[in-house]
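Take a look at the letters that make up each chain.
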Amino acid sequence: MSTIVTSDGVTLYADSTGAGAPLLFIHEFAGDHRSWEPQVRFFGRGYRCVTYAARGYPPSDVPSAPDAYSQQRAVDDAVAVLDGLGIDRAHVVGLSMGGFTALHLVLRHPARVRSAVVAGAGYGAAPERAEAFRAECAATAAAFENEGAERVAQRYAVGPARVQFQNKNPRGWAEFAAALAEHSALGSALTMRGVQAARPSLYALRDELAGVRTPASSSGLAILPQTGHTANLEEPDLFNATVDRFFAAVDRGAWGPRDPRSLSDSTTGMK
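Rules of the game
Residues numbered from 1 in each chain as written. Predicted model: local features only at pLDDT ≥ 70, side-chain atom pairs only at ≥ 80, totals over all residues. Heavy atoms only, no water. 1 Å grid on protein atoms, 1.4 Å probe; cavity = no way out; pocket = protein on both sides within 12 Å on 5 of 7 lines; lining within 4 Å. Points joined across faces, edges and corners; volume = space filled by probe spheres on them. Helix = DSSP H or I, 4+ residues; strand = E, 2+ residues; numbered from the N terminus. Nonpolar A, V, L, I, M, F, W, Y, C, P; charged D, E, K, R; others polar. Pairing = 2+ DSSP bridges. Axes fitted to C-alpha atoms, helices over the stretch in contact; angles between N-to-C directions. Parallel < 35°, antiparallel > 145°, perpendicular 65-115°, else oblique. Left-handed = near helix turned anticlockwise from the far one by under 90°. Contact = heavy atoms within 4.5 Å. Buried < 20%, exposed > 50% of the residue type's maximum accessible area, 1.4 Å probe, protein only. Arc of directions from axis to C-beta. Polar contact = N/O pair within 3.5 Å; in protein donor to acceptor, adjacent residues only side chain to side chain.

Chemist: A description of empty space enclosed by the protein should follow, citing residues and the corresponding values.
Modeler: Applying the stated criterion to the full structure yields one cavity of 30 Å³ or more. Looking at the largest cavity, its volume works out to about 170 Å³. Looking at the largest cavity, it is lined by 17 residues, and the ones nearest its centre are Ala 54, Arg 55, Ala 74, Met 97 and Thr 101. At the level of elements, β3 (21-26), α2 (71-84), α3 (97-108) and α8 (185-196) are the ones that each hand at least two residues to the lining of the largest cavity. Of the residues in the lining of the largest cavity, the class split is nine nonpolar, five polar and three charged.

Chemist: Which residues make up the sheet that holds β3, and what values do they have?
Modeler: With mixed pairing, six strands are arranged side by side in an open sheet as β1-β2-β4-β3-β5-β6. Two strands close off the open sheet at either side, each with one partner strand: β1 (2-5) and β6 (113-119). On average, adjacent strands in this sheet sit at an angle of 25° to one another, irrespective of strand direction. The pairing of strand β5 (residues 90-95) with β6 spans six bridges and is classified as parallel.

Chemist: So what's going on with the layout of surface pockets? Which residues, and what values?
Modeler: Approximately 1,100 Å³ is the volume attributed to the largest pocket. If you go around the largest pocket, you meet 31 residues; those closest to its centre are Val 118, Ala 119, Gly 220, Leu 221 and Ala 222. Elements represented by at least two residues in the lining of the largest pocket include exactly β6, α9 (206-210) and α11 (236-251). Partitioning the lining of the largest pocket into residue classes produces 21 nonpolar, eight polar and two charged. Taken as a whole, the second largest pocket encloses approximately 540 Å³ of empty space. Taken together, 18 residues form the lining of the second largest pocket, with Tyr 123, Glu 136, Tyr 156, Gly 159 and Pro 160 sitting closest to its centre.

Chemist: Hey, could you go over the packing of helix α4 (residues 130-147) against α8 for me, with residue numbers and the actual values?
Modeler: Where α4 meets α8, the axes come as close as 8 Å, and the angle between the chain directions of the two elements is 165°. When the axes of α4 and α8 are compared, the pair comes out roughly antiparallel. Crossing of α4 against α8: the hand is left-handed. Contacts between α4 and α8 involve Phe 133, Cys 137, Thr 140, Ala 141, Ala 142, Phe 144 and Glu 145 from the former and Ala 185, Ser 188, Ala 189, Met 192, Arg 193 and Gln 196 from the latter.

Chemist: So what about the pairing of β1? Which residues, and what values?
Modeler: Across a regular strand the side chains alternate sides, sitting on one face of the sheet and then on the other. Where β1 lies against strand β2 (residues 11-17), four bridges are found, and the strand directions are antiparallel. In the strand pairing of β2, Ser 2 is matched with Ala 14. Linking two consecutive strands that pair antiparallel, namely β1 and β2, is a turn of five residues; a positive phi of about 85° is found at Gly 9 within it.

Chemist: I'd like a description of the packing of α2 against α3, backed by residues and values.
Modeler: Packing of α2 against α3 brings their axes to within 9 Å, and their N-to-C directions diverge by 75°. Between α2 and α3, the crossing angle belongs to the class labelled roughly perpendicular. Along its contact with α2, which presents Gln 71, Ala 74, Val 75, Ala 78 and Val 79, the element α3 presents Phe 100, Thr 101, His 104 and Leu 105. Split into classes, the residues belonging to the contact of α2 with α3 amount to six nonpolar, three polar and no charged.

Chemist: Got a sec to walk through helix α5 (residues 149-156)? Specific residues and values, please.
Modeler: Of all the positions in α5, only Ala 149, Val 152, Ala 153 and Tyr 156 are classed as buried. Looking straight down α5, one finds its buried side chains confined to an arc of 105°; they lie on one side. Summarising the geometry of α5, the exposed residues directed more than 90 degrees from the buried face are Glu 150, Arg 151 and Gln 154.

Chemist: Let's hear about the side chain of Arg 112: which residues, and what values?
Modeler: Turning to its location among the elements, Arg 112 is positioned in the loop between α3 and β6. By relative accessible area, which is 16% here, Arg 112 ends up buried. There is a polar contact of 2.7 Å between the side chain of Arg 112 and the backbone oxygen of Ile 87. Contacts of Arg 112, omitting those with residues within four sequence positions, involve Val 79, Leu 82, Asp 83, Ile 87, Asp 88, Arg 89 and Ala 90.

Chemist: Outline the environment of Val 106, supporting the account with residue identities and numerical values.
Modeler: Tracing the chain through its elements places Val 106 in helix α3. With relative accessibility at 2%, the residue Val 106 sits in the buried group. Sequence separation between Val 106 and Arg 245 is 139 residues, and the spatial gap between their C-alpha atoms is 20 Å. Look past the residues within four positions of Val 106 in its chain and what remains in contact with it is Val 113, Ala 116, Val 212 and Thr 214.

Scope: geometric values only; no functional claims are made or implied.
So this is what it looks like as structure tokens:
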């Protein structure tokens, strides 16, 4: 276990397992550092796996000031973890909220990112869904404040994108739901308002993303069939194998930008 102190004085809990090329995992809103256990057990055999609890998620500090939570703070915290552990450059894997942080890390600090896996990141990003998304964020934050994490977890863990996990692996889902119930109600509410609801839409980043050459936005798409939001826990073997193949391609220099010859309005090239 390591403790990292950020530039604004927040202490983050971080853990490092294994040896080799650094691999940083960034968790989702409903998860924490424990959510990556199936990945750490797999990748820890050949990588230095780093997990951490975001601010607002014990055992990391839970600042009470609303302005202590933002997308930029989340990115700064990821950099602070890398700095605190003496890591110059890492493969980065983020899920959902953590996927947005991984993407912003690529945009703001490309020299720190060897490659990025951005998993399950996109809900609420569509412009026509923005208002509804923010309204749902506000309702979720209020529920954490008024009811506490234990009661909220009973509903949040059976949301439309979580029931797949429950149906497929009841025991694994129960562990996920129990961990969510242990979260800080204050930290969850402030994270939902400051990070989730206030983050820029992916559509607003279109031009910036077009200029990225880090393996991620020189991107490929992987779909895990019949899988809900918590993909790394719901289908750990498939998730790990997919990510492992990506890292292998990056490390041997085989993951490059798209061949410009493929950018045509012709299907066959015979017009």
